[in-house]
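Fold and contact review
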Amino acid sequence: MDIEAVRTFVAVAEAGQFQKAATDLSITQQAVSKRIAVLERDLGVRLFARTPRGAELTIDGQAFLPHARELLRAAERAVASVRAGRRPLRVDVLNSRGAASGLMRDFHRAYPEIELDVVMLLDIETALASLRSGAIDASFRAVAAPGRPLPEDIESVRVLDEPLQLLTGPAHALAGARSVTVAQLAGHRIWMPGILPGSEWAAYYEDLVAEFGLTIEATGPNFGSDALLDTVADTPALATFMSEQTRLVWPAGHGLRRIPVTDPTPVYPHSLLWHRDNPHPALATLRAHLAATGAGHGATGTWAPDWVLPR
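What comes next is a walk through the structure. (Residues numbered from 1 in each chain as written. Predicted model: local features only at pLDDT ≥ 70, side-chain atom pairs only at ≥ 80, totals over all residues. Heavy atoms only, no water.)

So, a nonpolar patch on the surface
- Together, Met1, Ile3, Leu43 and Leu71 line one region of the surface with nonpolar side chains, adding up to about 330 Å² of accessible area.
- Looking at the secondary structure, you find Leu71 in helix α4 (residues 59–82). (Patch = residues over 30% accessible without salt bridge, like charges linked within 9 Å, V, L, I, M, F, W, Y side chains within 5 Å. Areas by Shrake-Rupley, 256 points an atom, 1.4 Å probe, with all protein chains shown as cover. Salt bridge = Lys/Arg side-chain N within 4 Å of Asp/Glu carboxyl O. Helix = DSSP H or I, 4+ residues; strand = E, 2+ residues; numbered from the N terminus.)

Here it is, written out as structure tokens:
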């Protein structure tokens, strides 16, 4: 059904005259008559009866009028739902407990009037496709995979370098340390189930292993963070890496230790990605907020792979 024909029908019904409706719609009376004729043909009924005073609704026209008005309201809502500035800003984060989620919570506190829709996409290729299609407005990504540069229409800015910490159980050999150097981690088993082959975080940890001779095991099924914490707490030989701003809670009896890593401090670099032609006004606000509040990226004494997104 032609929405403009429906709009013309409502205009004629409210004006009571084809000529007055044509003036209100800024079209010719002939165009009004043609649209009404097409609509009547589609519906198979007459909507108006011509009278000396103009046009009066038939019984079928009276029945159709409230539904026609609702069709126009629905069309207006549909357009508003995708119009820049009238729909939520859609932002992708890797998980709900990480640093990117924290950045978005801070943004929401600073700009509570901006409606947000936070989603979680698993891999960078899905995120890039969603940025290019307009399904999302921005994505927080740690690194770009080596040999796979970002598409030319995707912009990026590094917003946060998040230090890694060592998480151990109470019986681990390093549990009593106030900090550990990267060199001290050599020979210790660092267990990180759930690393997705081919993902940007897999590439990050592969470079970390190659650079410092560490042992990172991604074996076994990934049963989630609770199972990981249970296993690390009960296994003296195992430790894991935990990003500094990852928000996790565990039972007090676990006795887990979060230990800073130094000399250098491995950092997980978070960048914001967006499509160059994205018109959403809140995207500019988010970028300005991150530029004003971001800190700690590219600091002396930290390490990140040399192929990460630009600072």
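Some points on the packing of helix α1 (residues 3–15) against helix α2 (residues 18–25)
- Direction vectors running N to C along α1 and α2 enclose 125°, while the axes themselves pass 8 Å from each other. When the axis of α1 is compared with that of α2, the two are oblique. Handedness of the crossing formed by α1 with α2: right-handed. Contact with α1, carried on its side by Thr8, Ala11, Val12 and Ala15, involves Phe18, Lys20, Ala21, Asp24 and Leu25 of α2 and no other residues of that element.
- Of the residues that constitute the contact of α1 with α2, the class distribution is six nonpolar, one polar and two charged. (Axes fitted to C-alpha atoms, helices over the stretch in contact; angles between N-to-C directions. Parallel < 35°, antiparallel > 145°, perpendicular 65-115°, else oblique. Left-handed = near helix turned anticlockwise from the far one by under 90°. Contact = heavy atoms within 4.5 Å. Nonpolar A, V, L, I, M, F, W, Y, C, P; charged D, E, K, R; others polar.)

A short note on the pairing of strand β3 (residues 89–92)
- The pairing of β3 with strand β4 (residues 116–119) spans four bridges and is parallel. The residue of β4 that forms the bridge with Asp92 is Val119.
- On the question of chirality, the crossover connecting β3 to the parallel β4 by way of helix α5 (residues 99–110) is right-handed.
- Where β3 meets strand β5 (residues 138–141), two bridges bridge the pair, whose relative direction is parallel. In the sheet register, Val91 faces β5, and the bridge partner there is Ala138. (Pairing = 2+ DSSP bridges. Right-handed = clockwise from strand over helix to strand, strands pointing away.)

Let's talk about the packing of aromatic side chains
- Counted by the stated rule, this structure contains 10 aromatic pairs.
- Pairing Phe107 with Tyr111 gives two aromatic rings, centres 5.2 Å apart and planes at 40°, and the pair type is tilted.
- Judged by centre distance (4.8 Å) and plane angle (85°), the rings of Tyr204 and Tyr268 are edge-to-face. Of this pair, Tyr204 sits in helix α7 (residues 200–212) while Tyr268 is found in strand β12 (residues 265–275), placing the two residues 64 residues apart along the sequence. Taken individually, Tyr204 and Tyr268 each receive the classification buried, so the pair is uniform in this respect.
- Taken together through their ring pairs, the aromatic side chains of Tyr204, Tyr205, Phe212, Phe241, Tyr268 and Trp303 make up a single cluster.
- A cation over a ring is seen here: Arg50 above Phe18, with NZ or CZ 4.0 Å from the ring centre. (Phe/Tyr/Trp six-rings, centres within 6.5 Å; stacked < 30°, edge-to-face > 60°. Buried < 20%, exposed > 50% of the residue type's maximum accessible area, 1.4 Å probe, protein only. Lys NZ or Arg CZ within 6 Å of the ring centre and 35° of its normal.)

A word on the side chain of Ser139
- By the secondary structure assignment, Ser139 is in strand β5.
- Here Arg141 takes part through its side chain, which lies 3.2 Å from a polar atom of the side chain of Ser139.
- The residues contacting Ser139, other than those within four sequence positions of it, are Asp92, Ala127, Leu131, Ser271, Leu272 and Leu273. (Polar contact = N/O pair within 3.5 Å; in protein donor to acceptor, adjacent residues only side chain to side chain.)

Side note on the environment of Ser271
- Tracing the sequence through the fold places Ser271 in strand β12.
- Judged by relative accessible area, Ser271 falls into the buried class, the value being 0%.
- Taking the C-alpha atoms as reference points, Ser271 and Asp161, separated by 110 residues in sequence, lie 8.8 Å from one another.

A closer look at the packing of α5 against helix α9 (residues 281–293)
- Between α5 and α9, the shortest axis-to-axis distance is 11 Å and the interhelical angle comes to 110°. As far as their axial angle goes, α9 and α5 are roughly perpendicular. Seen along the crossing, α5 lies across α9 with a hand that is right-handed. The residues of α9 that touch α5, namely those facing Leu103, Met104, Asp106, Phe107 and Ala110, are Ala282, Thr285, Leu286, His289 and Leu290.
- Looking at the contact of α5 with α9, its residues break down into seven nonpolar, two polar and one charged.

Re the layout of surface pockets
- When its volume is computed, the largest pocket comes out at roughly 950 Å³.
- What lines the largest pocket is a set of 29 residues, and nearest its centre among them are Asn95, Met192, Pro193, Trp201 and Thr246.
- Only α5, α7, α8 (225–234), β10 (238–243) and β12 provide two or more residues apiece to the lining of the largest pocket.
- Here the lining of the largest pocket gets four residues from one element, more than from any other, and that element is β10.
- A class-by-class count of the residues in the lining of the largest pocket yields 15 nonpolar, 12 polar and two charged. (1 Å grid on protein atoms, 1.4 Å probe; cavity = no way out; pocket = protein on both sides within 12 Å on 5 of 7 lines; lining within 4 Å. Points joined across faces, edges and corners; volume = space filled by probe spheres on them.)

Details of the nonpolar core
- Counting 23 residues, the largest nonpolar core has Leu166, Leu185, Tyr205, Leu208, Ile216 and Phe241 as its most contacted members.
- Looking at this core, the elements with two or more residues in it are β6 (154–168), α7, β10 and β11 (257–262).
- When residues in this core are grouped by element, the largest group, five residues, is from α7.
- Leaving out residues up to four positions away in the same chain, Tyr205 has contacts with Leu164, Met192, Ile195, Ile216 and Phe241. (Core = buried A, V, L, I, M, F, W, Y, C linked by side-chain atoms within 4.5 Å.)

These results come straight from atomic positions and should not be treated as a statement about function.
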